[in-house]
Amino acid sequence: MNRNSIKLAPSILTADFGHMAEAVQAAEEGGADWLHLDVMDGQFVPNISFGPMVINSIRTYTSLPLDVHLMVDEPEHYLQAFADAGAQTITVHQEATRHLHRAIQQIQDLGCQAGVALNPATPNQLLEELLPSLDLVLVMSVNPGFGGQKFIEYSHNKLRRMRDWLDVVNPECQLEVDGGVGYSNIRQVADSGANVMVVGSAVYNETATVAENLADLRKALEG
Ligand code: DX5
Ligand code: ZN
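Residues numbered from 1 in each chain as written. Chains lettered and ligands numbered in written order. Predicted model: local features only at pLDDT ≥ 70, side-chain atom pairs only at ≥ 80, totals over all residues. Heavy atoms only, no water.

A few words on the coordination of the zinc ion (ligand 2). Donor atoms from the polypeptide that bind the zinc ion (ligand 2) are His36 (NE2), Asp38 (OD), His69 (ND1) and Asp178 (OD), placed at 1.9 to 2.2 Å. The motif formed by the donor residues of the zinc ion (ligand 2), counted along the single chain, is H-x1-D-x30-H-x108-D. Within this pair, whereas aspartate 38 is found in strand β2 (residues 35-40), its partner aspartate 178 is found in strand β7 (residues 174-178), the two being separated by 140 residues in sequence. Like aspartate 38, the residue aspartate 178 is buried in the burial classification. (Donors = N, O, S within 2.8 Å, 3.2 Å for Na, K, Ca; no water. Helix = DSSP H or I, 4+ residues; strand = E, 2+ residues; numbered from the N terminus. Buried < 20%, exposed > 50% of the residue type's maximum accessible area, 1.4 Å probe, protein only.)

This is the structure:
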């Protein structure tokens, strides 16, 4: 496992929304690889965060690739708006649309990388037909809606099974993990097969700066 190739994708969900530009710039200056943007509609998840207009302005403060995670019902209605806002990757939830294949096609036709997210109770097997054509799979290691939750331990096994499967049918596909990843478990999560780590409260918190937190996470990865 080449742990230097692991991507860190800070989620701004737990950043200070009143100083969003600084939070985003601190992630870039601190060596983040992607910026993870948790979009919540208050329907698919019991929380509301932000939409394409906010992402459009975030775009002007960073050159980091924007990794947009749509925790949104019927996301196919909003794909054009998020592509126009500058998304590099658009990830939709398997549970959020009846027409998942069409949503993935639309994302790729818009020139974005297409990802599918699985909630903790959703089996990997539901992606069987789509797996060869995906650019990214996102395994939720918490129930979506809030930052700062505890990592669901069986996610290690789920990640391992998904990585082994991807190595056969789609080795280039990114495997991203989202929720409860931090200093104490990031190395094990990498060993379980994830190569893109969403890190929210492990990066944006009161105990250290964004740069210090990102450096600590890198150190933990190198073990
Ligand atoms: C849940 C969100 C969070 C966030 C990461 O819907 O997707 O998982 O990105 O938050 P932490 O890293 O604090 O669990
Ligand atoms: Zn997320």
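Residues in close proximity to ligand 1 total 19 residues, the closest being Asp38, Gly145, Asp178, Gly200 and Ser201. Contact between ligand 1 and aspartate 38: an oxygen atom at 2.5 Å from a side-chain N or O atom of the residue. At 2.8 Å, a backbone N or O of glycine 200 approaches an oxygen atom of ligand 1. Protein coverage of the free-state accessible area of ligand 1, which is 370 Å², stands at 99%. Counting residues per element, the ones that place at least two in the shell around ligand 1 are β2, β3 (66-71) and β8 (196-199). The element best represented in the shell around ligand 1 is β2, accounting for three residues. Taken together, the residues that form the shell around ligand 1 break down as seven nonpolar, ten polar and two charged. (Near = heavy atom within 4 Å. Polar contact = N/O pair within 3.5 Å; in protein donor to acceptor, adjacent residues only side chain to side chain. Areas by Shrake-Rupley, 256 points an atom, 1.4 Å probe, with all protein chains shown as cover. Nonpolar A, V, L, I, M, F, W, Y, C, P; charged D, E, K, R; others polar.)

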